[in-house]
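# Structural features, examined
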Amino acid sequence: MNASMFFICGPHACGKTTVLKRLKQDKNIVFRGTEVGKDLYYERKFQTGEVGEDFELEVVELELKRDAEIYSQPGIAGVETWHPGNLAYAAVRNPRILPTLQKMILTSPMLERAFGIWLVIDNSEMRKRTQTFRGQEDFAGEFYGKINDQLENCFKMLGLWERTTIIDGNRPIEAVIQNVKDVMQKYKA
């Protein structure tokens, strides 16, 4: 497969951002895309579990715009959470809109050129690592556990399940990064 998009999904505090920063630093990816919903969270300071359908639509529209911008770039672009993760959020917060979001996402030119990693960590590990939800670890564990439970179905909804590799994120970050790099080698042209 001549891949040009690498996505990394997983629960809060599993290491997605750290891995992508390192891949960019080591020149394994030419572009590092942040998590659109998280960027909006920091910008607007809303309750992450209580957004409406308009927010889900906004996130997908922003992701599709970014997909179009990086479509013709040479090399591999790395994106955090991306469409499968955004669908998982919507499945928990606003499940009624899933068919609409799926239909929108299936128009992305990047879907056929994408492969990904699903970083999994224990709920207790996520609670230990969180910085964003310090003092709200119970909320984070419950909410992000629900998001994580939706991911497999979301990969399948987008035809990405067969191109998604599960990696244990409980291990030291250097081991996780090396594991991700090994998976990336499999998909290089």
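Summary of the structure given here.

### Topic: the overall build of the chain
When helices and strands are counted, the chain shows eight helices and five strands. Radius of gyration (C-alpha) of the chain: 15 Å, near the 16 Å computed for a compact globule of 189 residues. Along the first, second and third principal axes, the C-alpha set of the chain runs to 45 × 40 × 30 Å. Of all 189 residues assigned to the chain, the portion counted as buried reaches 51%. Summarising the internal contacts of the chain: among those between residues at least 6 apart in sequence, 76% fall at separations of at least 24.

### Side note on the pairing of strand E3 (residues 77-80)
The alternating pattern of E3 places Ala77 and Val79 on one face and Gly78 and Glu80 on the opposite face, and all of these are buried. Strand direction decides the pairing type here: strand E2 (residues 31-33) and E3, joined by three bridges, are parallel. Residue pairing in the sheet places arginine 32 in a bridge with glycine 78 of E3.

### Brief notes about the pattern of salt bridges
Summed over the entire model, instances satisfying the criterion amount to 13 salt bridges. Close ionic contact of glutamate 174 with arginine 22 constitutes a salt bridge, the shortest N to O distance being 2.7 Å. Of this pair, glutamate 174 sits in helix H8 (residues 173-187) while arginine 22 is found in helix H1 (residues 16-25), placing the two residues 152 residues apart along the sequence. Overall, the relative accessible area of 45% leaves glutamate 174 in the partly exposed class. What makes arginine 22 partly exposed here is its relative accessible area of 23%. Glutamate 152 is the salt-bridge partner of lysine 156, the closest N and O atoms lying 2.7 Å from each other. Of the two residues, lysine 156 and glutamate 152 are both situated in helix H7 (residues 137-157); the distance of four residues between them amounts to about one turn of the helix. Here lysine 156 falls in the partly exposed class, since its relative accessible area comes to 45%. Overlapping salt bridges bring together Arg22, Asp26, Glu174 and Lys181 as one network.

### Regarding unusual backbone geometry
A positive phi angle, close to 70°, is found at threonine 81, a residue other than glycine. Topologically, threonine 81 is positioned in the loop between E3 and helix H4 (82-93). Non-glycine residue tryptophan 82 carries a positive phi angle of around 50°. Within the secondary structure layout, tryptophan 82 lies in helix H4. Using a relative accessible area of 0% as the deciding quantity, one classes tryptophan 82 as buried.

### Section: the sheet that holds strand E5 (residues 164-168)
The five strands are arranged E2-E3-E1-E4-E5 in an open sheet whose pairing can be described as parallel. With partners counted over all chains shown, the strands left at the sheet margins are E2 and E5, one partner each. Averaged over all pairs of adjacent strands, the angle between strand axes in this sheet comes to 20°, irrespective of strand direction. Of the strands in this sheet, strand E1 (5-9), strand E4 (114-120) and E5 touch H8, which is tilted by about 165° from E5.

Cut-offs applied
Residues numbered from 1 in each chain as written. Predicted model: local features only at pLDDT ≥ 70, side-chain atom pairs only at ≥ 80, totals over all residues. Heavy atoms only, no water. Helix = DSSP H or I, 4+ residues; strand = E, 2+ residues; numbered from the N terminus. Rg over C-alpha atoms; globule rule 2.2 N^0.38 Å. Buried < 20%, exposed > 50% of the residue type's maximum accessible area, 1.4 Å probe, protein only. Contact = heavy atoms within 4.5 Å. Pairing = 2+ DSSP bridges. Salt bridge = Lys/Arg side-chain N within 4 Å of Asp/Glu carboxyl O. Axes fitted to C-alpha atoms, helices over the stretch in contact; angles between N-to-C directions.

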